[in-house]
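Chain and residue survey
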Amino acid sequence: MDKELQELIKKLLTEKKAEWAIGYEKAYDEFSTRPAFIIDPADTARLIFNKYCINNLGLYLTKLKKNKLAVVCKGCDIATVFELIREKQFKRENVAIIGVACEGVLDKRTNKLLEKCENCQVKQPKGADFTLGNAKNSEKPKSYADVVEFEKKSSKEKLEFWNRQFEKCIRCYACRNVCPVCYCPDCFALRSMPEYLSKHVDADKNKLFHMIRMQHVFGRCTDCKACDTACPVNIPLSMLTKKLAKDAKELFNYESGADTDARPPLSTYDEGDSESDIM
Amino acid sequence: MSNEKKKDINVVGFLCNWCSYAGADMTGLGRNIYPSNIKIIRIPCTGRMDPMMIIEAFHNGADGVLVSGCHPGDCHYSEGNFYWRRRYPHLKSLMEHFGIDKRRFHASWVSASEGKKFAEVVKKVVADVKDWQENG
C-alpha cells in the first residue's frame, strides 16, 4: 500500500492539486511514526502507512494556513476532517482526503491494539476522495459498556476516582494541543482576563480544566482518542470523550463528524425538546 | 464563637432578569417564606448561561446551583431559554460523570408572577442539597 500511497501523492503534488501533503513517515525506530509534511514530489518516497500510525493528521489542517492540502486519513480521522469542514475551518474542495484501510493501530507503549479499534466501524474509510486498500468493518456496534458500568457508581466513588486521576495530571496541555477540534487561538486555560483557571497545578484545578475542556468539545469531539494516547501520565480521558459521544447520541441523536451540513446539538434547538428534569 | 457551628448550605441561584428575577421579587412582595441559603446572581437570560460559570461555582465551593428562567416561549429574547433547555441535560449528565451529584444542580422555569412557585423551587433545591449532604 505504501507504493500506491506514494504514487498518488506524487501525482497530486505534480498536478498542483495540493500544495502540501500530510502523511506518515518512519521515525527513530521501527515502532514509531511521525507526521510528514511533503512539498516536493521527490520527497514522497518517505511516506509510509503501517499499524503504528497512531496520529490523527486532521490536527494539522487548521494549523497549516494553506489553500490546498492533501491528507492521509484512517477511517476514524475522516470524521475529524468532516467536523472541521462543518465548523467552516476550510472548504471541502480544498482538501483531498486520502483514505487508507486500517486494521487497527497499536499503542507502542503496550504493543496492544487501541481500545477504539476493537469494534471499529470504519476500517474501510467512508467519504474519502481516494481510497487505498481493503479492510472489513467490525460487525459489532461501538460499545459503551465501560462508560455504562462507570455511570452505575455512586457520585462519591466517581469523585474519588477522578480526584485520584487528576492528581497525576501535570497540566502539560498535551491533550489540548493534540486535539483537532481544540484550535482556539486564545484558550480559556491561558487567558488571564477573566482568569478562569490559575496557573497553579493541583488536583482541583486540573479537574476544572478537564471539565471545561470536555464541555467545550461537546458535540464536536469525534472520539478519536488522540488526547487519551497523548497523555503522558495515562489519565483515562477516553472515559470522558466516550461519555460525550454517548450523550450526544442519546440526548440529541447527533454524531459529530457524520455530516458536514448538520447543526451541532448545542447551537440549535427544537421547540419539542424534552424538559423532564426542569422544575 | 463556637467552632462547632454547622456550615450553612450555599446555593447559587442564576436568575434571568426578565422572569425569574422578577419572580423572586414577587416572592418577597407576596410574603412567601423560603430558605435564605440561596445567593442570587442576576443574568440577562438563561441563554447567556455559560456552563463555565456553573462549573466554577461548584469549584469555588457552592453546594448547589439553581438556574431559573422564563417558561419556554416566554423568553424576552425569543429563544434564549430554548438553547438553555438543550445545554442543561448535557451539562447535568457530564457533571454527574465527574462526580457532582445530580441533587446539587437544578433548573426551573419561573415567570414574573410565580412568586409562590419560586419559594417552592428554592425549598426543593435546599432540601435536595441537604439530603445529599446528610445521606451522601
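Residues numbered from 1 in each chain as written. Chains lettered and ligands numbered in written order. Predicted model: local features only at pLDDT ≥ 70, side-chain atom pairs only at ≥ 80, totals over all residues.

1. Describing the overall build of chain A
Counted only if it meets this: Numbering of helices and strands runs from the N terminus, with a helix taken as a DSSP run of H or I at least four residues long and a strand as a DSSP run of E at least two residues long. For a compact globule the rule gives 2.2 Å times the number of residues to the power 0.38, and the radius of gyration it is set against comes from C-alpha atoms. The burial label depends on the number of other C-beta atoms within 10 Å of a residue's C-beta. Counts of 20 or more mean buried, 12 or fewer mean exposed, and intermediate counts mean partly exposed, with C-beta atoms placed from the backbone. Once C-beta atoms are placed from the backbone, any two residues with those atoms within 7 Å are in contact.
In terms of helices and strands, chain A carries eight helices and eight strands. For chain A, the C-alpha radius of gyration of 20 Å lies close to 19 Å, the compact-globule estimate for 279 residues. For chain A, buried positions account for 37% of its 279 residues. Sequence-distant contacts, at least 24 apart, represent 65% of the contacts inside chain A between residues at least 6 apart.

2. Considerations on the overall build of chain B
The helix and strand tally for chain B stands at four helices and four strands. Across chain B, helices and strands are ordered from the amino to the carboxyl terminus as β-α-β-α-β-α-β-α. Relative to a compact globule of 136 residues, whose C-alpha radius of gyration would be 14 Å, chain B shows 15 Å and is just as compact. Contacts in chain B between residues far apart in sequence, at least 24 positions, make up 82% of those at least 6 positions apart.

3. With respect to the packing of helix α6 (residues 203-216) of chain A against helix α2 (residues 51-59) of chain B
Rule in force here: Interaxial angle, 0 to 180 degrees, is taken between N-to-C directions of lines fitted to C-alpha atoms, where a helix line uses only the stretch in contact. Our angle categories are set so that under 35 degrees counts as roughly parallel, over 145 as roughly antiparallel, 65 to 115 as roughly perpendicular, and the remainder as oblique. Crossing handedness: left-handed means the near helix sits turned counterclockwise from the far one by under a right angle, and right-handed means the same turn made clockwise. Each residue gets one of three labels, nonpolar for Ala, Val, Leu, Ile, Met, Phe, Trp, Tyr, Cys and Pro, charged for Asp, Glu, Lys and Arg, and polar for the others, Gly among them.
Interaxial distance between α6(A) and α2(B) falls to 10 Å at its minimum, and their mutual angle equals 160°. The angle between the axes of α6(A) and α2(B) places the two elements in the roughly antiparallel class. The way α6(A) lies across α2(B) gives a crossing that is right-handed. From α6(A), A:D204, A:L208, A:M211, A:I212 and A:Q215 reach across to α2(B), where they touch B:P51, B:M52, B:I55 and B:H59. When grouped by side-chain class, the residues that make up the contact of α6(A) with α2(B) number six nonpolar, two polar and one charged.

4. Quick word on the domain arrangement of chain A
All names here are of chain A. For the record, the criterion: Domain limits in this description derive from either an automatic procedure or a database domain assignment.
Here the domain parsing of chain A yields domain 1 (2-132) and domain 2 (145-258). Look at where the C-alpha atoms of domain 1 and domain 2 centre, and you get two points 25 Å apart. With 16 residues of domain 1 at the contact, the number on the domain 2 side is 13 residues. Among the elements that take part in the side of domain 1 that touches domain 2, helix α2 (residues 75-86) stands out by supplying seven residues, more than any other. Of the residues that constitute the side of domain 1 that touches domain 2, the class distribution is seven nonpolar, four polar and five charged.

5. Points about unusual backbone geometry
Residue and element names in this part refer to chain A. Here the residue pair M193 and P194 is connected by a cis peptide bond, since its omega of -5° sits within 30 degrees of zero. Its identity is not glycine, yet D223 carries a phi of approximately 60°, on the positive side. For D223, the position within the fold is in the loop between α6 and α7 (226-230). On the basis of neighbour count, D223 is assigned to the buried category, with 24 C-beta atoms found within 10 Å.

6. What to know about the interface of chain B and chain A
Facing the 30 residues of chain B at the interface are 25 residues of chain A. Mapped by element, the contributors of at least two residues to the side of chain B that touches chain A are α2, α3 (80-97), β4 (105-109) and α4 (115-135) of chain B. If one sorts the elements of the side of chain B that touches chain A by residue count, α3(B) sits on top with 13 residues.

7. Looking at the packing of helix α1 (residues 20-29) of chain B against α4(B)
Residues and elements named next belong to chain B. Packing of α1 against α4 leaves a shortest axis separation of 7 Å and a crossing angle of 95°. The angle between α1 and α4 places the two elements in the roughly perpendicular class. Contacts between α1 and α4 involve S20, G23, A24, M26, T27 and L29 from the first element and G115, F118 and A119 from the second. Looking at the contact of α1 with α4 residue by residue, the class counts come to five nonpolar, four polar and no charged.

8. Remarks on the nonpolar core
Our working definition: In plain words, the nonpolar core is the set of buried Ala, Val, Leu, Ile, Met, Phe, Trp, Tyr and Cys residues that C-beta atoms within 7 Å link up.
Grouped together as the largest cluster of nonpolar side chains are 109 residues, with contacts concentrated most on A:V71, A:V72, A:C73 and A:V81. There are two domains that each give this core at least three residues, and those are domain 1 (2-132) and domain 2 (145-258) of chain A.

9. Observations concerning α2(B)
Applicable threshold: Throughout, the arc means the angular range of directions from the helix axis out to the C-beta atoms.
Those residues of α2(B) that fall on the buried side of the exposure criterion are B:I54, B:I55 and B:A57. Projected onto a plane normal to the axis of α2(B), the buried residues spread over an arc of 155° and lie on a single side. Taken together, the buried residues of α2(B) touch α6 of chain A together with β1 (11-16), β3 (64-69) and α3 of chain B. In the stretch just after α2(B), B:G61 is the one whose phi turns positive, near 105°.

10. Here's the deal with the environment of A:S256
All names here are of chain A. Within the secondary structure, S256 sits in the segment after α8 (238-252). Sequence separation between S256 and K156 is 100 residues; the distance between their C-alpha atoms is 31 Å. For S256, the contacting residues outside a window of four places in its chain are E83, G219, R220, C221, T222 and A248.

11. A word on the sheet that holds β1(B)
All names here are of chain B. Inclusion rule: Strand pairing follows a simple DSSP-based rule, namely that at least 2 bridges must link the two strands.
Judged by pairing direction, the sheet is parallel, and its four strands sit side by side in the order β2-β1-β3-β4 without closing on themselves. Each edge of the open sheet is held by one strand with a lone partner, namely β2 (38-43) and β4. Within the sheet, the average angular offset between the axes of one strand and its neighbour, ignoring direction, is 20°. In the sheet, β3 pairs with β4 via five bridges, with the strands oriented parallel. Considered in β4, the bridge of G69 is made with W109.

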